[in-house]
Amino acid sequence: MSWRGTLPAACWESSQASQIIPVEAESTPDGVFLATHSSLPIALRNQVQNAREPTIVDERALLTAVQQQPADQPIIPILGESGTGKSHLVRWLRINLKTKPSTRLIFVPKHNVSLRGILDRILTHATGERADDLRRKVVEAADAVADHGQARVRLRNELAFRVEHFGPRRDVGPEEAEIRTYLSSPTGLPALLQDPQFRALVMGDGSAIARLVSEKISGKGREDKGDAFGFRPTDLQFTLDDVSKAGAHAREVAASLQGHPELREAAARMLNEQLAPAVGEVFGVSGSDLKDILVELRVELRKQGLELLLLIEDFSIFQGIQGGLIDAITLISTQELDLCPMRVVMAVTTGYFTNEMPDTVYTRTYKVFDLELPEDGRRVLDRTAFVAKYLNAVRVGAAQIEERYRSNESDPNACEQCPVTDSCHAAFGSARGYGLFPFNRAALTRAILSQSKGDKFVARDILTRVIRPVLQNDQESIESGAFPTAEFYSDFRAGIDPESWNVEFDNALKTPGDDEISARRVRMVRFWGSGNGPENLSKVIHSAFGVAEVDGLASVRGVRSAGNATATNEPVVDVGTTQQAVSAVRSVRQEPRLVRAVDQWRQTGSLEQGVRNELRNLVHSAVVEYLMLDDGLGGSSSWTTQRVELRPSFDARYQVALDGPEWETAIIAIDRDNDAEVRALRALAWVNAEGGWLVVPNGEALQRLCHEQVVAWADRVSHALLPNRDARDEPELARLARLLLAMGKVLGIRDAYRSDWQSRLRAIFAPVPSGGSNDGRPALSKWREGLLANSKVISREHLQARLMRLAAFAQGGGKPLALDIPRLQRALQDRSADAQWPANTPENVKIAEDLITNAMGSLEQLYEEAVQLLPDLSELGADIKDAAGELNRLIDERAGAGELPGTIDRGAIGAAAKAIRQGDQQTVNRVREELSGWADLPVDERLKMLTGDWDNSAIRVRTWHEPAQEAVRALEQQLAGGQDSETPRDHDDAVTRLATAIETLQAEFAQLTGQEQPR
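Residues numbered from 1 in each chain as written. Predicted model: local features only at pLDDT ≥ 70, side-chain atom pairs only at ≥ 80, totals over all residues. Heavy atoms only, no water.

> I'm lost on the overall build of the protein in this one. Help?
The secondary structure content of the protein amounts to 50 helices and 15 strands. Residues counted as buried form 52% of the 1015 residues belonging to the protein. Considering only residue pairs separated by 6 or more positions, the protein has 75% of its internal contacts joining residues 24 or more positions apart. Element-wise, carbon and sulfur atoms account for 48% of the exposed surface of the protein, whose accessible area totals about 45900 Å². (Helix = DSSP H or I, 4+ residues; strand = E, 2+ residues; numbered from the N terminus. Buried < 20%, exposed > 50% of the residue type's maximum accessible area, 1.4 Å probe, protein only. Contact = heavy atoms within 4.5 Å. Areas by Shrake-Rupley, 256 points an atom, 1.4 Å probe, with all protein chains shown as cover.)

As structure tokens, then:
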């Protein structure tokens, strides 16, 4: 059972759609044609160019005009762009026109009629020797060019010849005259047309030459539009590859055309000017021949008292010989040349008629029927009524329609035999008694809008892009309860207003646990509904599509008459114009800016970059706040930065994606088809704008939903930053620990040299030592800076943060802070330290290890610097304090006697002596002794000595030792000079004793250099 009882749910056979709705009007039998015919509004003008508003008429006015057409105004054009119904109108006229016995009617269809076929139709009414000669000429010409390839070559060659000889003109401006002279030269367009490189471009499939040849030999195809074939400026725009392979002359002119649009336009004009005579020359029948045929036919018919009526479905098929046709039409009968009356009704595109016809055509035009309506005229057209007749014809079927037509019976209405007519029409609507099912006015309007260019009525587009596809493709899905399908939505979604819908509406229409029904309900309401949000439609519509109503939702509001006595429950949609129809159903809302942006993105995928960044930041902030990310070093920056050495990290720009290039790699990639994610994003935008959930519509429910989604997003982030350790190898952690220990050794952290894991762990996170100084050793300072402050090397702080990630527990809401001590203990035992770095390890981490490893293997310069800094006190023979005291007393005695040498700074030596601390002498001696075995020391011991905290001791000793050595030397020189002293003789004994005690220092003093660095 279906909604129609025992009858199928769909009231038509899908196979009938293509029979009733062909691409071209002449494809259907007359009965079907008339059964689907609707009166179309036509703009009637009495003159070609008429400033006054046209009169809106229908096809009956055309019929009357043809019947009343005066002989001296033989032309009636039917204007309109491709697909607007010109062919339909000509066919209707041919069926309904009752000609007089004296009228000879020649009908020239638009498709599958070759040049020979056109002339044969005209010659059908001609007799006599001249007519026979022309028939033979037509046959011979057609046989001579039956091969398409040969005809293309001949037409190309003829064009090249004619452009060269007839391209220059004097009746143009000086600038165009100069361009024409250049292009028509043998090295201009003729060279390009005949160059082998451009053969495929000039006359290959799809080219103007190929299409024109095909039309003249075989007639226009159904895929061809009504415009005349010709060259366009874009046909003469070549690629660099095309130009580079051409001959010299062709290459030069092609390059000129490529770089100068005005040259391309002039070249296209010149080629099109020569098309007509070239066609006549190639195909053996020119415009003059056609004129002669028609003139002789008119003479002969005049003698018989007859008249000629020519119905042309597409004037462009006369391209190449149109001049002869126009001359024959506009030729006036005289006493010398007595011609029969000749009337012409021709369908022609508006652009061709207004731009290409000679003035004589305009002066001989009787009335103009234009299918391009002014804005007011468009409101006259009821698209729904137009479609309804086709829907009925498909339901009835072509065979029954033709049978009724042949029996001269009226067109049947399938709805009259349907058991659910009343309820169907009430729910889906009707027009002129024909039901609109499976559409209603709202769905039909939206589907038509999706395939329309503005508000222009293009009958072909409505029928072949909307009605036929649905009736042909969706009949089975309606029968099986799968309509409206995702394909239907995809094909016509451009017709629904994206601003009238949001993800909360989708949620309101959901059936929990049934995504298929939920999706179909959304499609149904969006197309068949009022556009005011989620609602239940007519019960009949729900039943017909097999989609249950939603409890608690309001039913569709409003009724409208559909031209019947019965009101309908279908949504109120004004069908005056398609754009107005959609605008009329919009609900006006004042959502915050970012909320509207989410809605637009959900519907169209369009999102401005600035808005995209704002939404990313909202998601990022919510997740970071929930996770309480902390790097263990005082902040969350190392978790949220995009620095390469800290990847994986969670930053808003690269790790939160709303479509775009980051989609594949982002940790949080929000899918606009994922209701939960979009609802959460929209809710975040709401609460961000309002400052609290209380003022957000449905705020309590959205707050819960938002929290659940943020938790889900946070889980993704936690998993990405702290993946399951059971599934991850240990090599990076071990090598990272070793690298940090090496950095600790470079910095002089003593714990880094110890072997127990507790000391090593302290060394990894120990602060940079502040007690010592290496300013006395500039080479060591520079060496450290080159390793630790190199822009290519990751910082120690970032390495510490990376290690924390690898060896931290996730606490609470995901806060990675507590260290996994057993895991670090294993890493610090160096079991995996020689393993390879994992493939995803950042390069600058590896570079840091390589630099430090290499630097630790070349310490000779630092060794030499250390040796120079350390004074050799091995021969002092006494405590340094005792030696300093003896020297100070001697200096005081010599100063008291007034005989102290001027080079001795008494105060500086005394101050330096006082600065020496307990243990300085022992430190200097110990370090010198340890460095004396340099050659046998391992690298770690060497680095330990070099980075030890002994610089200050060495500098204090050296600060005293150097001036003391100079003082002793000065005193020795004074004594050696034999100068008498007024100081008592016992002073001489003291000097002698001091000199003996410190004379061994002289050589060492001479070697001391450098300054002390502050601690």
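> Looking at this model, I keep getting lost on helix H35 (residues 675-690). Mind explaining?
Residues three or four positions apart in an α-helix share a direction because the helix packs 3.6 residues into each turn. Here H35 is 16 residues long and its end C-alpha atoms lie 22 Å apart, about the 22 Å a rise of 1.5 Å per residue gives. In terms of burial, H35 is a largely internal element, twelve of the 16 residues being buried. Those residues of H35 that fall on the buried side of the exposure criterion are Asp675, Glu677, Val678, Arg679, Ala680, Leu681, Arg682, Ala683, Leu684, Ala685, Trp686 and Val687. Taken together, the buried residues of H35 touch helix H27 (503-508), helix H31 (593-604), helix H32 (609-627), strand S13 (668-669) and helix H36 (699-721). N-cap assignment for H35: the residue whose side-chain oxygen lies 3.1 Å from the backbone N of alanine 676 is asparagine 674. Where H35 terminates, the next one or two residues include glycine 691, which has phi positive at roughly 85°. (Expected span 1.5 Å × (residues − 1). Polar contact = N/O pair within 3.5 Å; in protein donor to acceptor, adjacent residues only side chain to side chain.)

> Before we go on, may I ask you to explain the pairing of strand S3 (residues 75-79) in this structure?
Looking along a regular strand, one sees side chains alternate from face to face of the sheet. The buried fraction of S3 amounts to five of the five residues, a majority that puts the element mostly inside the structure. Side chains Ile75, Pro77 and Leu79 of S3 all project onto a buried face; the interleaved residues Ile76 and Ile78 project onto the opposite face, where all are buried too. Across five bridges, S3 lies against strand S6 (residues 342-348) in parallel orientation. Paired with proline 77 across the bridge in S6 is methionine 346. Note: S3 against strand S7 (residues 368-370), two bridges, orientation parallel. Each residue of the ladder has a partner; that of isoleucine 78, found in S7, is phenylalanine 369. (Pairing = 2+ DSSP bridges.)

> Is there a simple way to think about unusual backbone geometry in this case?
Both trends apply: most residues other than glycine have a negative phi, and most peptide bonds are in trans. In this chain, phenylalanine 437 is followed by proline 438 through a cis amide linkage whose omega measures 10°. Relative to the elements of secondary structure, proline 438 occurs in the loop between strand S9 (434-435) and helix H23 (441-450). Looking along the chain, the bond that leaves phenylalanine 483 and enters proline 484 is cis, with omega of 0°. Topologically, proline 484 is positioned in the loop between helix H25 (475-479) and helix H26 (486-492). With a phi close to 60°, asparagine 698 is a non-glycine residue in the positive phi region. Tracing the backbone through its elements, the reader meets asparagine 698 in the loop between H35 and H36.

> Help me out: how do you make sense of the sheet that holds S7 in this one?
Sheets are built from strands paired through backbone hydrogen bonds, the pairs being either parallel or antiparallel. Spatially, S2-S1-S7-S3-S6-S5-S4 is the arrangement adopted by the seven strands of the open sheet, whose pairing is mixed. The sheet is open, and its two borders are formed by strand S2 (55-57) and strand S4 (103-108), each paired with just one other strand. On average, each strand axis in the sheet is tilted by 20° relative to the strand beside it, whichever way the strands run. In this fold helix H16 (residues 322-330) packs onto S3, strand S5 (307-312) and S6, with an angle of close to 140° to the strand it touches most, S6. (Axes fitted to C-alpha atoms, helices over the stretch in contact; angles between N-to-C directions.)

> Would you mind showing me how to read the side chain of serine 184 here?
Within the secondary structure, serine 184 sits in helix H8 (residues 174-184). For serine 184, a relative accessible area of 4% gives the class buried. Among the polar contacts listed, one links the side chain of serine 184 to the backbone oxygen of arginine 180, at a separation of 2.7 Å.

> For this particular structure, what's the right way to read the nonpolar core?
Within soluble globular proteins, side chains that are nonpolar tend to cluster in buried spots. Among the nonpolar cores identified, the biggest contains 80 residues, and Leu155, Leu183, Leu257, Phe315, Phe318, Leu325 and Met346 are the most heavily contacted of them. For this core, the element with the highest residue contribution is helix H14 (residues 261-283), accounting for eleven residues. Those residues within four positions of leucine 155 in sequence are excluded, and the remaining contacts are Ile209, Leu212, Val213, Ala278, Val279 and Val282. Residues Leu733, Tyr753, Leu803 and Ile852 belong to the second largest nonpolar core, which totals 70 residues. (Core = buried A, V, L, I, M, F, W, Y, C linked by side-chain atoms within 4.5 Å.)

> Explanation requested: the packing of helix H37 (residues 731-747) against helix H39 (residues 778-788) in the structure shown.
Two quantities define a packed helix pair, namely the angle between the helix axes and the distance between the axes. Between H37 and H39, whose axes approach to 10 Å, the crossing angle comes to 155°. Judged on the interaxial angle alone, H39 and H37 are roughly antiparallel. Seen along the crossing, H37 lies across H39 with a hand that is left-handed. Residues Met743, Val746 and Leu747 of H37 form the contact with H39, whose participating residues are Trp783, Arg784, Leu787 and Leu788. The residue inventory of the contact of H37 with H39, partitioned by class, reads six nonpolar, no polar and one charged. (Parallel < 35°, antiparallel > 145°, perpendicular 65-115°, else oblique. Left-handed = near helix turned anticlockwise from the far one by under 90°. Nonpolar A, V, L, I, M, F, W, Y, C, P; charged D, E, K, R; others polar.)

> Any chance you could explain the pairing of S5 here in plain terms?
S5 sits mainly inside the fold: six of its six residues count as buried. Across the two faces of S5 the burial is the same, with Glu307, Leu309 and Leu311 and Leu308, Leu310 and Ile312 all buried. Note: S4 against S5, six bridges, orientation parallel. Paired with arginine 104 across the bridge in S5 is leucine 308. Of the pairings in the sheet, the one linking S5 to S6 comprises five bridges and is parallel in character. Following the sheet pairing, isoleucine 312 is matched in S6 by methionine 346. The parallel pair S5 and S6 is bridged by H16, and the resulting crossover is right-handed. (Right-handed = clockwise from strand over helix to strand, strands pointing away.)

> Looking at this model, I keep getting lost on the packing of helix H13 (residues 248-259) against H14. Mind explaining?
Two numbers describe how H13 lies on H14: the axes approach to 5 Å, and their chain directions differ by 110°. One element, H13, and the other, H14, form an angle in the roughly perpendicular class. Facing Ser256, Leu257, Gln258 and Gly259 of H13, the residues of H14 in contact are Pro261, Leu263, Arg264 and Ala267.

> Explain the packing of aromatic side chains to me, please; I cannot follow it from the model alone.
Geometry of an aromatic ring pair is reported as the spacing of the ring centres plus the angle between the planes. All chains considered together, the criterion is met by 21 aromatic pairs. Ring centres 4.9 Å apart and planes at 70° place the aromatic pair phenylalanine 428 and phenylalanine 437 in the edge-to-face group. This pair shows no difference in class: phenylalanine 428 is buried, exactly as phenylalanine 437 is. Between phenylalanine 437 and phenylalanine 545, the ring centres sit 6.5 Å apart and the planes meet at 25°, which makes this aromatic pair stacked. In this pair, phenylalanine 437 is assigned in the loop between S9 and H23 and phenylalanine 545 in helix H29 (residues 539-545), connecting sequence segments 108 residues apart. Both residues of the pair, phenylalanine 437 and phenylalanine 545, belong to the buried class. What links up through ring pairs into an aromatic cluster is the set Trp3, Trp12, Phe428, Phe437, Phe483, Phe488, Tyr489, Phe492, Phe527, Trp528 and Phe545. For the cation-ring pair, arginine 94 lies above phenylalanine 107, with the distance from its terminal atom to the ring centre recorded as 4.1 Å. Over the face of the ring belonging to tyrosine 366 we find lysine 367, whose NZ or CZ atom lies 5.0 Å from the ring centre. (Phe/Tyr/Trp six-rings, centres within 6.5 Å; stacked < 30°, edge-to-face > 60°. Lys NZ or Arg CZ within 6 Å of the ring centre and 35° of its normal.)

> What is the right way to look at the confidence of the model for the protein in this model?
For any part of a model where pLDDT is low, the fine detail of the predicted coordinates should not be relied upon. Mean pLDDT over the protein: 81, with 83% of residues reaching 70 or higher. For the stretch residues 557-589, pLDDT sits under 50, and the model shows 91 contacts to residues farther than four places along the chain or on other chains. Note on residues 631-636: pLDDT is under 50 here. Beyond four places in sequence and across chains, it has 13 contacts. (pLDDT = per-residue confidence, 0-100.)

> I would appreciate a short explanation of the environment of arginine 823 in the present structure.
Among the structural elements, arginine 823 can be located in helix H41 (residues 821-828). C-alpha of arginine 823 to C-alpha of alanine 734: the two residues are 89 residues apart in sequence and 9.7 Å apart in space.

> Looking at this structure, how should I read a negative patch on the surface?
Taken together, the side chains of Glu175, Glu178, Glu262 and Glu265 present a region of like negative charge at the surface. Going through the elements one at a time, H8 and H14 are the ones with two or more residues in the negative patch. Relative to the helices and strands, glutamate 175 resides in helix H8. Take glutamate 175: its relative accessible area is 59%, and that puts it in the exposed class. (Patch = residues over 30% accessible without salt bridge, like charges linked within 9 Å, V, L, I, M, F, W, Y side chains within 5 Å. Salt bridge = Lys/Arg side-chain N within 4 Å of Asp/Glu carboxyl O. Lys, Arg positive; Asp, Glu negative; His and termini not counted. Charge placed at Lys NZ, Arg CZ, Asp CG, Glu CD.)

> Is there a simple way to explain the pattern of salt bridges in this structure?
If charged atoms from side chains of opposite charge come close, those side chains can pair. Counted according to the given criterion, the structure contains 41 salt bridges. Arginine 404 is the salt-bridge partner of glutamate 409, the closest N and O atoms lying 3.1 Å from each other. Aspartate 461 is the partner of arginine 465 in a salt bridge, and the nearest nitrogen-oxygen pair spans 3.5 Å. Placement of the pair is arginine 465 and aspartate 461 together in helix H24 (residues 459-473), with a separation of four residues, close to one helical turn. With relative accessibility at 41%, the residue arginine 465 sits in the partly exposed group. Residue aspartate 461 is classed as buried on the basis of its relative accessible area, which comes to 15%. Each member of the salt-bridge network shares a partner with another, and the members are Arg169, Asp171, Glu176, Arg180, Arg269 and Glu273.

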